[in-house]
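Here is how the chains run, residue by residue.
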Amino acid sequence: MSKTRSKHFSQLAKRLNLEGSDAWAVHDEALALKRKGEDVILLSIGDPDFRTPEPIVDNAVSHMRVGRTHYSPALGELNLRRAVADYETRVSPHKCEVEEVAIFPGVTAGIYAVMSCLLDPGDGVVMVDPMYVGYEPIMSALQANTQIVMATPKTGFVPTYEDIVDKVDSTTRVIFLNTPANPTGAIMPAALLTSLASFCQQNDIWLVCDEVYSMFTFDQPHISLRTAADKIDNLVVIDGLSKSHAMSGWRMGWTVAPPELTHHLGNFSAMSIFGCPQFIQDAAAFALNNDEYYVKEMCDRYQLRRDNVCGRLDDIPGLHYRKPQSGMFIMIDITSIESDDKVFAKKLLDAEKLSLLPGSAFGKATQGHLRFSLVQPMNVLMEGCDRLSRYVSSM
Ligand SMILES: Cc1ncc(COP(=O)(O)O)c(C=O)c1O
């Protein structure tokens, strides 16, 4: 008789096998209903609905046709590293050199590589709640000691300097920021970034910032960590094309870090990713060198969507929101109607087939909120507002 033996898996595999937050249950249910052909409006997603601009697609195809389909250096193709360095030099007073740039298949891979090169198990990383859902698994994989700072609606979802430095202890190696932020669209003021940069300089702490929404700010220009800081030898900026150029599926991101860290990132990349596709890097360089038109057009359209949706939300009694300064989402405070965001989202889906994401998917600070995503055409967003309004007035 053969004995049933359970397969062995590593502790890492087990740590990554996190239970999905139940805040995502409504989104999963909405997806299933949509697949069955039901008339569901899915505003719980974060993938740009725009197509990648045609000239970028043409550029990739033409490079594929001329044989740019082979291995590439671990740190990335020189022409793309130069395009990123030029871009980063344009948006900050600190000149960015090619030796500071590493290319990764998306921002997520860049964050994982950076944190892997900076954190040992038990090392502290200060992070802000609410946060992008991809951060926690990375810290869990690395067994980092996460030190969570709350950024509540009271402060416009921007953490205070005091709250951040309060979390720092002798284990802290990294303070990890995200500005402009997902899911709130909040932008950290330059003064906060400047103070944090100088605190980190004095205390030998790395300051790392995910700036994937850097090209989508509406009412004020993006303030990069590199712009705000006087000294940059302990800073890392991570950015990419997933959002700005509607290229989420191309997997294109980069890190800007001191040359010594970039050298380590190259080693990390060589053993894990082994370089990104050449033709995608060529098209990414083309996009960055010619990006003003496409990016501005998409940003203007998101801004118009934000303004129209906010205008409609103003007319729905009981709902409150803070106009996002950037990004692709509006956080709606529903607490004067229902305290549990998951309950509200589920009832809304049942009654109106409208899927909004409960704010508790992103942490505690956004509990009692729903994330209304702007990545659908205007007519769909307006229909979403109609359904939300009908649901609220039926209560
Ligand atoms: C703050 C933030 N960082 C990173 C990512 C993922 O970026 P990428 O697709 O380039 O890995 C997202 C995606 O939603 C995000 O919101």
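Residues numbered from 1 in each chain as written. Predicted model: local features only at pLDDT ≥ 70, side-chain atom pairs only at ≥ 80, totals over all residues. Heavy atoms only, no water.

**Q** Is there a simple way to think about the overall build of the protein chain in this case?
**A** Each helix and strand in the protein chain was counted, giving 14 helices and 13 strands. Relative to the compact-globule value of 21 Å for 395 residues, the protein chain shows a C-alpha radius of gyration of 21 Å, a close match. A principal-axis box enclosing the C-alpha atoms of the protein chain has dimensions of 70 × 60 × 50 Å. Across the 395 residues that make up the protein chain, the buried fraction comes to 54%. Accessible surface for the protein chain amounts to roughly 17,500 Å². Of this, 52% is attributable to carbon and sulfur atoms. (Helix = DSSP H or I, 4+ residues; strand = E, 2+ residues; numbered from the N terminus. Rg over C-alpha atoms; globule rule 2.2 N^0.38 Å. Buried < 20%, exposed > 50% of the residue type's maximum accessible area, 1.4 Å probe, protein only. Areas by Shrake-Rupley, 256 points an atom, 1.4 Å probe, with all protein chains shown as cover.)

**Q** Can you help me understand the nonpolar core in this one?
**A** In terms of nonpolar packing, the biggest core is built from 126 residues, with M115, I175, F176, L177, F372 and L388 touching the most fellow members. With eight residues, the single largest contributor to this core is helix α12 (residues 292-314). Each of two domains, domain 1 (19-46 + 293-393) and domain 2 (68-289), supplies a minimum of three residues to this core. Not counting residues up to four positions away in its chain, the partners in contact with F176 are I111, M115, V125, V126, M127, V128, Y135, M139, V208 and D210. (Core = buried A, V, L, I, M, F, W, Y, C linked by side-chain atoms within 4.5 Å. Domains from an automatic or database assignment. Contact = heavy atoms within 4.5 Å.)

**Q** Please explain the domain arrangement of the protein chain as it appears in this structure.
**A** When the parts of a complex come together, some accessible area is lost, and that lost area is often taken as the interface size. For the protein chain, the assigned domains read domain 1 (19-46 + 293-393) and domain 2 (68-289). Each partner contributes to the interface: domain 1 provides 25 residues, whereas domain 2 provides 29 residues. Both sides of the domain 1 and domain 2 interface together cover about 2,400 Å² of buried area, and 64% of this is carbon and sulfur. Our count for the contact surface shared by domain 1 and domain 2 stands at one salt bridge. The closest approach of N and O atoms between R306 and D219, which form a salt bridge, is 3.0 Å. Elements with a contribution of two residues or more to the side of domain 1 that touches domain 2: α12, β10 (329-333) and β13 (369-373). Of the residues forming the side of domain 1 that touches domain 2, the biggest block, seven residues, is contributed by α12. When the residues that make up the side of domain 1 that touches domain 2 are grouped by side-chain class, the tally is 13 nonpolar, eight polar and four charged. (Buried area = accessible area lost by both parts, 1.4 Å probe. Salt bridge = Lys/Arg side-chain N within 4 Å of Asp/Glu carboxyl O. Nonpolar A, V, L, I, M, F, W, Y, C, P; charged D, E, K, R; others polar.)

**Q** Before we go on, may I ask you to explain the sheet that holds strand β12 (residues 357-358) in this structure?
**A** Sheets are built from strands paired through backbone hydrogen bonds, the pairs being either parallel or antiparallel. Overall, antiparallel pairing links the four strands, which are arranged β9-β10-β13-β12 in an open sheet. Looking along the sheet, the strands with just one partner apiece sit at the ends: β9 (320-321) and β12. Each of β9, β10 and β13 is contacted by α12, which is oriented at about 15° to β10, the strand it contacts most. (Pairing = 2+ DSSP bridges. Axes fitted to C-alpha atoms, helices over the stretch in contact; angles between N-to-C directions.)

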